[in-house]
Amino acid sequence: MKINIAATKTNLLNVKKSLEITREGYELLDQKRKILMSELSAIMHMADQLQAEFETALQKGYSLLDKAVVAAGRRKLEEISFSMDIKNDISLSQRKIMGVDIPVVSLVTLDHPPYYSPYDVSLSVEEVRLKFKEIVHLLAQVAEKRVALWRIARELQKTVRKVNALEKVYLPYYRNAFKYISERLDEESREAFSMLKLIKERMQQQEVVHE
């Protein structure tokens, strides 16, 4: 990269200060990048586990539902479903990871069983209710982790771009600028010293001639 800056002591001090600030910024952003990558990996692992549990529970739930349909009949199940007063209360909050807002989903199921007499209803109906209650809670957890993954991945992408820019553009520029100005000032200092030495020698020669 071409250095287009005047070789002065003021510019040398300014470049040195900019280099120190850029280096500190790079170290902080690089630390942030590592933390985000660690969090991303951990949440990804949890999300995969929850997704697998959700898919297994959903498959089991539909299997139980098929059994309930066979045992009680579709019409009876529809009548029972209308009698169930079940509400899911979802509350959303947030926590921060390196400045990233991570959602926290809290799901509370409000129900007051029993909704039917256990004497004329198959046990599989209750199994279906409990299994799909579990499925809804798993779905809330999966959604929480998926949104967290998306937000952390987006912030990580931004951070990586900044780290790369500092590492490959700004730090090399300020290092080269500092080196260039330092060398130019040293060269000018040597030239000035040589010039003063030459002037001193000529003055001494002139004094000898006059004597």
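Up top you'll find the structure we're talking about.
The paragraphs below set out a description of the structure included in this document. (Residues numbered from 1 in each chain as written. Predicted model: local features only at pLDDT ≥ 70, side-chain atom pairs only at ≥ 80, totals over all residues. Heavy atoms only, no water.)

## A word on the pattern of salt bridges
Pairing between side chains of opposite charge can happen when their charged atoms approach one another. To be explicit about the condition: Here, a salt bridge means any Lys or Arg side-chain nitrogen found within 4 Å of an Asp or Glu carboxyl oxygen. Secondary structure follows DSSP: runs of H or I at least 4 residues long count as helices, runs of E at least 2 residues long count as strands, and numbering of each begins at the N terminus.
Under the criterion given, the structure shown has eight salt bridges. Salt-bridge contacts for Lys34 lead to Asp30; the nearest nitrogen and oxygen are separated by 3.6 Å. One end of the pair is Lys34 and the other is Asp30, both in helix H1 (residues 9–72) and four residues apart, which spans about a single turn.

## A closer look at the packing of H1 against helix H2 (residues 74–83)
Rules: Lines are fitted to the C-alpha atoms to define the axes, a helix being fitted only along its stretch in contact, and any angle between axes, read from their N-to-C directions, falls within 0 to 180 degrees. By the definition adopted for this analysis, an angle is roughly parallel if under 35 degrees, roughly antiparallel if over 145, roughly perpendicular if from 65 to 115, and oblique otherwise. Note on contacts: a residue pair qualifies if any of its non-hydrogen atoms lie within 4.5 Å across the two residues. Residues were grouped as follows: Ala, Val, Leu, Ile, Met, Phe, Trp, Tyr, Cys and Pro as nonpolar; Asp, Glu, Lys and Arg as charged; and all remaining residues, including Gly, as polar.
Between H1 and H2, the shortest axis-to-axis distance is 7 Å and the interhelical angle comes to 110°. Overall, the two elements H1 and H2 adopt an arrangement that is roughly perpendicular. On H2, the residues that touch Leu65, Ala68, Val69 and Ala72 of H1 are Arg74, Lys76 and Leu77. Of the residues in the contact of H1 with H2, the class split is five nonpolar, no polar and two charged.

## Looking at the pairing of strand E1 (residues 87–97)
In plain terms, the rule: A pair of strands is treated as paired once DSSP finds two or more bridges between them.
Relative to strand E2 (residues 100–110), E1 runs antiparallel, the two sharing eleven bridges. Residue pairing for E2: Asn88 is matched across the bridge by Thr109. With antiparallel pairing between neighbouring strands as the criterion, E1 and E2 make up a hairpin whose turn holds two residues, including Met98 at a positive phi of roughly 50°.

## A few points about the nonpolar core
Basically, it comes down to this: Residue types Ala, Val, Leu, Ile, Met, Phe, Trp, Tyr and Cys, when buried and joined through side-chain atoms within 4.5 Å, form a set referred to as a nonpolar core. Type-normalised accessible area, obtained with a 1.4 Å probe on protein chains alone, sets the label of each residue: buried when under 20%, exposed when over 50%, and partly exposed for intermediate values.
Leu36, Leu40, Ile43, Ala47, Ile97, Val100, Ile102, Ala148, Leu149, Ile152 and Leu156 form the largest nonpolar core, which has eleven residues in total. Within the residue set of this core, elements represented by two or more residues are H1, E2 and helix H3 (123–210). Each residue touching Leu36, except ones within four places of it in the same chain, is listed here: Ile97, Met98, Val100, Ile152, Glu155, Leu156 and Thr159. Counting residues in each nonpolar core, the second largest holds seven residues, with Ile3, Ala7, Val15 and Leu185 among its members.

## Structural notes on the packing of aromatic side chains
Inclusion rule: Note on ring pairs: Phe, Tyr and Trp rings are taken, using the six-membered ring of Trp, and paired if centres are within 6.5 Å. Classes follow the plane angle, with under 30 degrees stacked, over 60 edge-to-face and the rest tilted.
Applying the stated criterion across every chain, the model contains two aromatic pairs. Centre to centre, the rings of Tyr62 and Phe132 are 5.7 Å apart; their planes meet at 85°, and the pair counts as edge-to-face. Of this pair, Tyr62 sits in helix H1 while Phe132 sits in helix H3; the two residues are 70 residues apart in sequence, bridging distant segments of the chain. You can call Tyr62 partly exposed: its relative accessible area is 46%. A residue is classified by how much of its surface remains accessible, and Phe132, at 24% relative accessible area, is partly exposed.

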